[in-house]
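Secondary and tertiary structure notes
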Amino acid sequence: MVQAWFMKENWSGDQREEHHMQPPEFVDLDTLFKLTLVEHFKVNESDPINDELLNSIKKERGYSYEDEIICSKECLPNYESKLKMFFEEHLHTDEEIRLVLEGSGYFDVRDGVNDKWIRIKVEPGDLLIIPKGIYHRFTLDTNNFIKAKRFFVGEPVWTPHNRPADNMDCRKEYLNQISC
């Protein structure tokens, strides 16, 4: 079961730790969607490729390209620099879609109302759809391993736009959507 919570402000230390507020302030999936427009789906972790929900989402949204990524010290070239790059606050001009196949990690997203970080822990079977224009970042947790499928409409677009990118059309569209 996916978990999400508001992160402690001005935390220090390892980015791969939970960084809960004291006391912890959890966010349910409905509230997560209302504050961020991030969507979460649970698919069959033992057979995700044949999962009806996943295949329906792929068809409905036009995801025509997919690949896999493994993030670990052993499998990811330039591991330390890549992890730092993934953790830079940024946005994309397209949705970011990830299905966790093995391992675990965190997606941090900015709440569209108060600009606070919400940390989302993802595990096998979690499908996360991060809308275009939202500031976000990714990091592994202390297990240092995740294997995920990435889905795209057409050819992959990898360009992260680091904050500030408030003048980009996708950011303006996102802010308009979240205010409704």
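Bear in mind the structure is a predicted one, so any value in this text is a computation, not a measurement.

1. Let's talk about the sheet that holds strand 2 (residues 39-42)
The five strands lie next to each other as 2-8-5-10-3, forming an open sheet whose pairing is antiparallel. Edge strands, defined here as strands with exactly one partner in the open sheet, are strand 2 and strand 3 (65-72). Mean inter-strand twist for the sheet, computed between neighbouring axes without regard to direction, equals 25°.

2. Let's talk about the pattern of salt bridges
One side chain can pair with another of opposite charge once the charged atoms of both are near each other. Applying the stated rule across the entire model yields 19 salt bridges. Its salt-bridge partner being Lys147, residue Glu68 comes within 3.7 Å of it at the nearest N-O pair. Of this pair, Glu68 sits in strand 3 while Lys147 sits in strand 10 (residues 145-152), placing them 79 residues apart in sequence. For Glu68, a relative accessible area of 40% corresponds to the partly exposed category. Between Glu89 and Arg110 there is a salt bridge, with its nearest N and O atoms 2.9 Å apart. With a gap of 21 residues between them, Glu89 in the loop between helix 3 (79-86) and strand 4 (90-91) and Arg110 in strand 6 (residues 105-110) connect regions that are remote in the sequence. Here Glu89 falls in the buried class, since its relative accessible area comes to 16%. By sharing partners, the salt bridges in this structure join Lys58, Glu66, Glu68, Glu102, Lys147 and Lys149 into a single network.

3. Things to note about the packing of aromatic side chains
One pass over the full model with this rule turns up seven aromatic pairs. For the pair Trp5 and Tyr106, a centre-to-centre distance of 6.0 Å together with 80° between the ring planes defines the contact as edge-to-face. Of the two residues, Trp5 is situated in strand 1 (residues 3-6) and Tyr106 in strand 6; the sequence distance between them amounts to 101 residues. The pair formed by Trp5 and Tyr106 is uniform in burial state, with each residue classed as buried. Each ring, one from Phe86 and one from Phe138, has its centre 6.3 Å from the other, and the planes form 65°; the classification is edge-to-face.

4. Details of the UniProt feature "binding site: Fe(2+)" (unreviewed entry) in the chain
UniProt records the feature "binding site: Fe(2+)" (unreviewed entry) for His90, His92, Glu96 and His136 in the present numbering. Spanning 47 residues, the named residues form one tight spatial group whose C-alpha atoms are at most 11.7 Å apart. Those annotated residues that line the largest pocket are His90, His92, Glu96 and His136. Checked against the element boundaries, His90 lands in strand 4. Ignoring sequence-local partners within four residues, the contact set of His90 consists of Glu96, Ile134, Tyr135, His136, Arg137, Pro160, His161, Asn162 and Arg163. At a separation of 2.6 Å, a polar atom in the side chain of His90 contacts the main-chain carbonyl oxygen of Glu88. Among the secondary structure elements, His92 is positioned in the loop between strand 4 and strand 5 (96-103). By relative accessible area, which is 13% here, His92 ends up buried. Excluding anything up to four places from it in sequence, His92 contacts Lys132, Gly133, His136, Trp158, Thr159, Pro160 and Cys170. Within the structure, the side chain of His92 is placed 3.2 Å from the side chain of His90, a separation counted as a polar contact.

5. Quick word on unusual backbone geometry
Here the residue pair Gln22 and Pro23 is connected by a cis peptide bond, since its omega of -5° sits within 30 degrees of zero. Positionally, Pro23 belongs in the loop between strand 1 and helix 1 (29-36). The residue after Arg163, namely Pro164, is reached through a cis peptide bond having omega 10°. One non-glycine residue, Asp115, adopts positive backbone phi at about 65°. Within the secondary structure, Asp115 is located in the loop between strand 6 and strand 7 (117-122).

Procedures and definitions
Residues numbered from 1 in each chain as written. Predicted model: local features only at pLDDT ≥ 70, side-chain atom pairs only at ≥ 80, totals over all residues. Heavy atoms only, no water. Pairing = 2+ DSSP bridges. Helix = DSSP H or I, 4+ residues; strand = E, 2+ residues; numbered from the N terminus. Axes fitted to C-alpha atoms, helices over the stretch in contact; angles between N-to-C directions. Salt bridge = Lys/Arg side-chain N within 4 Å of Asp/Glu carboxyl O. Buried < 20%, exposed > 50% of the residue type's maximum accessible area, 1.4 Å probe, protein only. Phe/Tyr/Trp six-rings, centres within 6.5 Å; stacked < 30°, edge-to-face > 60°. UniProt positions renumbered as here; feature names shortened; annotations may be inferred. 1 Å grid on protein atoms, 1.4 Å probe; cavity = no way out; pocket = protein on both sides within 12 Å on 5 of 7 lines; lining within 4 Å. Contact = heavy atoms within 4.5 Å. Polar contact = N/O pair within 3.5 Å; in protein donor to acceptor, adjacent residues only side chain to side chain.

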